[in-house]
Structures are given as structure tokens and as C-alpha cells.
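Coordinates in review
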Amino acid sequence: MTASPSRSDRTRRGAIWAAVLLGGLAAALLSLIAAEPARRGLFDSWQRLAPRAIDGRNVVVVLVDPLALKTVGPWPWPRYYLGRLTETIAAQKPRVIGMDMIFPEPDRLNPDQFVQLYPEIAPAAAASIGNLPSMDTIFAQVLGGAPVVLGRLGIAGFGSDPKSLLLDPEIDGRPPPDAMRFPQVLASIPQLDDVALGHALVNGPPDADGIVRRVPLTVLAGDRPMPGLAAELARIATGAPKISWQGTTAVIGPHRVPTDDAGQMQIRLGKFPDTARYSAALVLSDKLKPGTFTGKVVIVGLGAEGVSDVVSTPLTPRGYGVFVQAQAVDAILRGGWLSRPGWLAAGEWIAGAVLALVIALAGIIRRHWPWLLAGGIAIALPVASWALFDGPGLLFDPARPLMIGLGAALALGTLLFVRNRAERASLARELLEQQLTSAVQEGELVAARAIQLGMVPARERLAELDPRIHASAILEPARSVGGDFYDAIRIDADRVLFVIGDVTGKGVPAALYMALSKTLAKSVLVRESGGLAHAVDTLNLELLREADDAMGVTMLIVLFDCATGDLGMVNAGHENPILLRPGHAPETFPMRGGPPFCVCEFAYPEERLTLAPGETLILITDGVTEAQDEDNRMFGVDGAFTALAAREPDENAQGQQTVDRLVRAVRRFEHPTEPSDDLTVLSLHYRGPAPPAPPA
């Protein structure tokens, strides 16, 4: 018979579910805010990692580049040259010629305008010139005999009414709801616009970050849907009679092209091959191989500084818009588009929910395998994103489910940390109360205090360590027993090692851990021969093996060379020492130090100081600086400086009286409140390299 879960278990599970839900929801909301920029960055990275291969068999570009401008002259060119260029291309029987440009004004070199520019021309000559056919007429004749699609531009004003323009072909179905809409259209002059095989809008605005990733397949001019340039060229190339819309899918001949809600196709870009781009100068020179353009889509565009349509794409920060149109046509004809269907976006939310559920399960059952499963899912998501991108061209965003999973994990971790800490604190309090009660009842605390004070060197022993120094100390636990300690150990004839420490907490647990720490410190520091820093690192490792999460110890270790006054010191999270120099105010000796012991492995630095004869180094615990009065004000370092500012007239009494004076000042400051922490002061007064002469 299975036992039903206890009330505490149900409460714990409910808290876990609530934390995971709240963390996941918060991360989901954040993903809605940051999703689009992050998604663009990820998919741009995929594009750069694996650009699409383009072979130039379907689409080529004729570019008005610097060479063409140098050969023919500055842009805009006379329509005569544009007619020759179009005629030369058309002679090779391309499927269609797309003009990624607009001719909204008559040619400036038409005969009638030319005569007006030069009134000095004789009447007979002017009449003869005026009878010449206009450049626009010549260009229109070429356009009328070639499969040319002229560009148009949707604008907000100062254009033509879309109702007055020829519309070909008719677009079947309703375009997507967010398709771009413009009230007017900028078109070529009627003489050219009316004779072209087709017309298409060349609008292709960048995304919010200024990068072009997609092209519109349909644009609304007023209420009339007009094809985008890439869509119209692909339609003619496939021989389709019209473009049809089925939801957000554009049907162009045999191709079903998915778009976004604005009717824009996102392109998987690549490097447009050099073998598929030709300078207009080369075309005009009649040096092209026969069949260069035969059966292909030819797009004529601008590609020179000052006249070009410069755009940024995920693959290049500075490129030409005509190549974007060319890649869009190639993508339609060969299937090189990218799409993000609604079911894929729903899959992101489902993946995030699954990841959050696995994390919640890990918190409930307290096993490792759910965390391993969550880690596997987290790794699989970007792998799946890449596979879907590189295979069917689907844009799956792994950032959203990963953010939801991370939010759930952080919330769960925070909950467990808070609960575990509260439980440990509660258990520690209960244990301490039990220990104190037992100790008081059995009289153990009195004995423990005596034992603890007996573990540290007495003043008499400190004073007799070496005639070249005068050491004195005092230790006063806040309770019967505490966690402070100090020690003095002779290393050799000239060197003495001093240690002062403070264990986390007070009372019996701190005293027990103090005993352990003091014993280990004395054992390790004396036996290690690799230098003070190495010995301290070893001590930290030994304490880490013996410590639990609730205990830690700060320690300041001083290796005193009595012959020179040189001090090697290591500080593990302890109070910095105070330096007393004759004729100077007390000052703190700042140390870099490191964290307290039992926190982590750390390479503690050894720091140096030299005492001159007559100078004193004061070592204290935080029972001095953090002593509080009845208004909760702290004694602080300034209080210690004030108490230490006076000097004793008797040099032999410097250490002992200095220590007593500082302790009395702390106790006066705390009165009438009880001491809040253990208090320890250790004074090291340097007399000089040789013992002083006895008094006469």
C-alpha cells in the first residue's frame, strides 16, 4: 500500500510548481520583448555559416558599374545608350529583362530639349535637329520589341494615381493582411511605361535594424495589388499567367512561396557569382559570347558609388540592391526561401513548456537524470534549429524555449537555495539551543571556557617568546565559549609565527570548529616547507575537507623575523592589521588578501611589511570593529584608532597596556549592552634586532 505524501511534501511540491511557473512566465514575457532582435541575430549567423549556393544558370545581372560610367559617361545615361543596351541583351533571347530602375522624366538630350538649351543655334539647324526622333521614342521602340519589365516605386505623395496605370498581370486572391500599402506610385513616363511587357514595384525596405533580409512579392498601390519585381520576373520566367495568393503563400507558376504577414519572402542569401554579373560596358561593346543571356532572367541595375542602391544584408554590410532582387528571383525559381510557419512558432512554446516541466520534475524527485534530460534538450534545441534551417529552410528559434527553461531553472534554484538556507538556519538554531541547554545543565560550558582559554598562549608565555619583541594578547568570548583564537609558534632561532582567527558564529559550535582550525593551522603551518603562501594554501585545503556549509574561518598569519623586523603576512578574509609608529597616528596596513578559509580553493598572496624598532603591529578580530552600543552604532576602525593613539611611557609595557586600553575602550562603548561578538587583540611590539641592555 503506497503511503500518501505528507503535508510538508505537498507544500514543497506546490512551491516548486509555483516557482517554475512564475519563472517560466517571466522568461516568456522577456522573450516576447527580446525575441525579434535575438532571432535576427541567430538566423543571420546561420546564413553566414552556410550561405546558399548560386550558380547563375537562371539569373544574371547587368551592372551600370564604374567601368560603364567611365565608358559611356555619368548617370543618368541618354536613352539612346539604354536602348542599345536593352537591344543587345534582347538579341540573345532572354526569358525576361528586368529594369531595377525608373525613368520618371523625359531624356534631357531629346532634340526639342537640346535646342532649348542652346538658343544660339541657327533656326535652320534648330529645325533640322527638332525633326530628329526623340531618344525616348527610340528607347520605347526597343522596349516594345523586348520582354522588358519596368520598375515602379510606391511612394507617399507626388506620384501617379494607381488607378491611372496599366496593371499587369492581375493578382488573384487577397494579399496578406499586412502587405505594404502606398497611396501613389512613381512610374516611368507614359511613352515608356505603356509599351513595356510588365511592370513591378521595386520597393524593398530593410528590417528595423537596417538590414535587408526579405523582398515583397506584392505591394498595394492604393487598393490595387501590384507585383514586386522579383515575383513578376519569376512569373514571366515560368510562363505563369498570374500570381495567386492563398493565405500567406504566393503561387507563382509551379512554385508555392511562403511569406510573412506582410507578403514578404525571406531569402536564404548567398554570394552572387562573378560569372553571372556583367558590366554594361562589356554588353555595349558587343564582345559577349553568344548565348550569354539566352533563356535567363536578366536584371539591369545600378552598381557604382553615388548612383547605386546600397543595402546591407546578413552577408555583407554594403552591397547593391539589384543583387538582392536577383537572389530573390533565383530563390523563387530554385526554392531558396526561408519560412517561419505558425506551427513552428507554436513548437517553440511547447519546447519551452516541456523544458520547464522537466526542470520542475528535477526539483520534485531530487534525482540527477531529469537535469541530464533538461541539459540534453537544451543542447538539442540549437542543433534542431540549424538542421531545420539548412534542410527545409525553416526558421526555428531555440532562444525562446531556452529562455523559458533558464527562467524556470533560476526560479527553482532560488527557491531551493532560500528553503535550504532557512532549513539549515532553523536546524542550527535548534541544535545550538539544545547544546547550550545541555551544557548549562551539566556545567560543561564553564569547563569548555577554561579549556578554550587554556588552548591559547598566556600573556607570560607571549612575553617570553623572544627578547627582541614584546607580544601580548587577550581573548574574551561573547558567550561562555566562542570562535576566536590566536597562537604563537617559534619556527627557529629568529622566526616566530603568529596566528589570529575568527570562526563563523559563536558558542559551542564555533568553539569546536575553532579548536579544529587552531590545531590544523599549527600542524600545517609548522610542517610545510614550501613558503608561507604555500603553507596557507595547504591549510585552506585541509579545512575545506573538514568544513560544512555553515562554518567558515577568517585568519591573519604573520611570520615575524626578529632579527630584521621583516614580516611575511597572509590575510584570509580577516581584519587588516593596525600599525603604530612613534610620532605618527595609527594607520591600517591594507592587504589584498583573499576570501575566508573553507569557501573555495584560492592562491593566497604573501604580503610583506618591515617593522622598525619601536613600532607595533596590532591584530584584531571583528569583535573590536563591529562592537555595538545601545543605539546600534559600531565602534569601527576609527574607534580603535582613537583608543590606540595614546603611547605608553614604559616601552616594556607597550604591548600589554596597549591591548588592555583597546579592550577597555570597546567595553565602555558597548555598555550597557551585552557583547555581540567574541573579541581578540594581539599586539606585536618590535624592540630591535638585539635584545635591550638590562637597566643599570
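Everything in this summary refers to the structure shown in the same document. (Residues numbered from 1 in each chain as written. Predicted model: local features only at pLDDT ≥ 70, side-chain atom pairs only at ≥ 80, totals over all residues. Heavy atoms only, no water.)

1. Let's talk about the environment of A351
- Tracing the sequence through the fold places A351 in helix α11 (residues 342-365).
- Taking the relative accessible area as the measure of exposure, A351 reaches 15% and is therefore buried.
- Remark: the alpha-carbon pair of A351 and L381, spanning 30 residues in sequence, is separated by 8.4 Å.
- Once residues lying within four places of it in the same chain are set aside, the contact partners of A351 are L381 and P401. (Helix = DSSP H or I, 4+ residues; strand = E, 2+ residues; numbered from the N terminus. Buried < 20%, exposed > 50% of the residue type's maximum accessible area, 1.4 Å probe, protein only. Contact = heavy atoms within 4.5 Å.)

2. Digging into the pairing of strand β28 (residues 616-620)
- Buried residues dominate β28, accounting for 5 of its 5 residues.
- Burial of β28 is two-sided: the residues T616, I618 and I620 facing one way and the residues L617 and L619 facing the other way are all buried.
- Here 3 bridges tie strand β25 (residues 578-580) to β28, and the two strands are oriented antiparallel to one another. By the bridge assignment for β28, I578 is matched with I618. (Pairing = 2+ DSSP bridges.)

3. Here we look at the sheet that holds strand β20 (residues 469-476)
- Spatially, 5 strands are ordered β20-β29-β28-β25-β26 in an open sheet, and the strand pairing comes out antiparallel. Single-partner strands in this sheet number two, and they are β20 and β26 (587-588).
- Sheet topology places β28 next to strand β29 (residues 679-686); 5 bridges connect them, and they run antiparallel. Note on β29: the bridge partner recorded for L619 is L682.
- Docked against the sheet, helix α19 (residues 636-644) engages β25, β26 and β28, running at close to 20° with respect to β25. (Axes fitted to C-alpha atoms, helices over the stretch in contact; angles between N-to-C directions.)

4. What to know about the pattern of salt bridges
- This model, assessed by the stated rule, comprises 34 salt bridges.
- Across the pair R468 and D494 runs a salt bridge, and its minimum N-O distance is 2.8 Å. Of this pair, R468 sits in the loop between α15 (459-463) and β20 while D494 sits in the loop between β21 (484-490) and β22 (495-503), and the two are 26 residues apart along the sequence.
- Using a relative accessible area of 11% as the deciding quantity, one classes R468 as buried.
- The class of D494 is partly exposed, set by a relative accessible area of 31%.
- A salt bridge links D629 to R633; the shortest N-O distance between them is 2.9 Å.
- One salt-bridge network, held together by shared partners, links D44, D207, D209, R213, R214 and D260. (Salt bridge = Lys/Arg side-chain N within 4 Å of Asp/Glu carboxyl O.)

5. Let's talk about the sheet that holds strand β11 (residues 243-246)
- Strands sit in the order β4-β11-β12-β13 across an open sheet of 4 strands; the sheet is mixed. Two strands close off the open sheet at either side, each with one partner strand: β4 (171-172) and β13 (255-258).
- Note that strand β12 (residues 249-252) and β13 share 4 bridges and pair antiparallel. Bridge pairing links V251 to R256 in β13.

6. Describing empty space enclosed by the protein
- Going through the model one piece at a time under the given rule, you end up with 1 cavity of 30 Å³ or more.
- Of the pockets and cavities examined, the largest cavity occupies roughly 30 Å³.
- In terms of residue class, the lining of the largest cavity is built from 4 nonpolar, no polar and 3 charged. (1 Å grid on protein atoms, 1.4 Å probe; cavity = no way out; pocket = protein on both sides within 12 Å on 5 of 7 lines; lining within 4 Å. Points joined across faces, edges and corners; volume = space filled by probe spheres on them. Nonpolar A, V, L, I, M, F, W, Y, C, P; charged D, E, K, R; others polar.)

7. Quick word on the nonpolar core
- Counting 76 residues, the largest nonpolar core has V62, I89, L217, M265, F293 and V297 as its most contacted members.
- Apart from residues no more than four positions distant in its own chain, I89 is found in contact with V62, P94, I97, V283, F293, V298 and V300.
- Judged by nonpolar contacts, the second largest core, of 28 residues, contains L462, L579, M591 and L617. (Core = buried A, V, L, I, M, F, W, Y, C linked by side-chain atoms within 4.5 Å.)

8. Digging into the pairing of strand β16 (residues 297-302)
- By the criterion of burial, β16 is predominantly enclosed, with 6 of the 6 residues buried.
- In terms of strand pairing, strand β2 (residues 96-99) meets β16 through 4 bridges, oriented parallel. Paired with V96 across the strands is V297, a residue of β16.

9. Remarks on helix α1 (residues 7-49)
- Helix length check: α1 (43 residues) gives 54 Å between terminal C-alpha atoms against 63 Å at 1.5 Å per residue, more than 12% under.
- Remark: the principal bend of α1, roughly 60°, maps to A34, with a proline, P37, within the next four residues. (Expected span 1.5 Å × (residues − 1). Bend = angle between axes of the 7 residues up to and from the residue.)

10. Overview of the packing of aromatic side chains
- Here the structure, examined in full by the defined rule, presents 13 aromatic pairs.
- For the ring pair F498 and F560, a centre distance of 6.5 Å and an interplane angle of 70° mean the geometry is edge-to-face. One end of the pair, F498, is in strand β22; the other, F560, is in strand β23 (residues 553-561), with 62 residues separating them in the sequence. Like F560, F498 is buried.
- Ring geometry for F597 against Y604: centres 5.3 Å apart, planes inclined by 75°, an arrangement best described as edge-to-face. (Phe/Tyr/Trp six-rings, centres within 6.5 Å; stacked < 30°, edge-to-face > 60°.)

11. Overview of the layout of surface pockets
- In this model, the second largest pocket occupies a volume close to 420 Å³.
- Lining the second largest pocket are 20 residues, with R214, T259, D260, S339 and R340 positioned closest to its centre.
- Contributing elements (two or more residues each) for the lining of the second largest pocket: α1 and β14 (264-267).
- Sort the elements by how many residues they give to the lining of the second largest pocket and α1 lands first, with 4 residues.

12. Details of the packing of α1 against helix α12 (residues 369-390)
- Between α1 and α12, the shortest axis-to-axis distance is 11 Å and the interhelical angle comes to 60°. Put simply, α1 runs oblique to α12. Both α1 and α12 take part in a crossing whose hand is right-handed. Here L42, F43, W46, Q47 and L49 of α1 lie close against α12, whose contacting residues are P382, S385, W386 and F389.
- Class assignment for the residues of the contact of α1 with α12 results in 7 nonpolar, 2 polar and no charged. (Parallel < 35°, antiparallel > 145°, perpendicular 65-115°, else oblique. Left-handed = near helix turned anticlockwise from the far one by under 90°.)

Everything listed here is a matter of geometry and, on its own, says nothing about what the molecule does.
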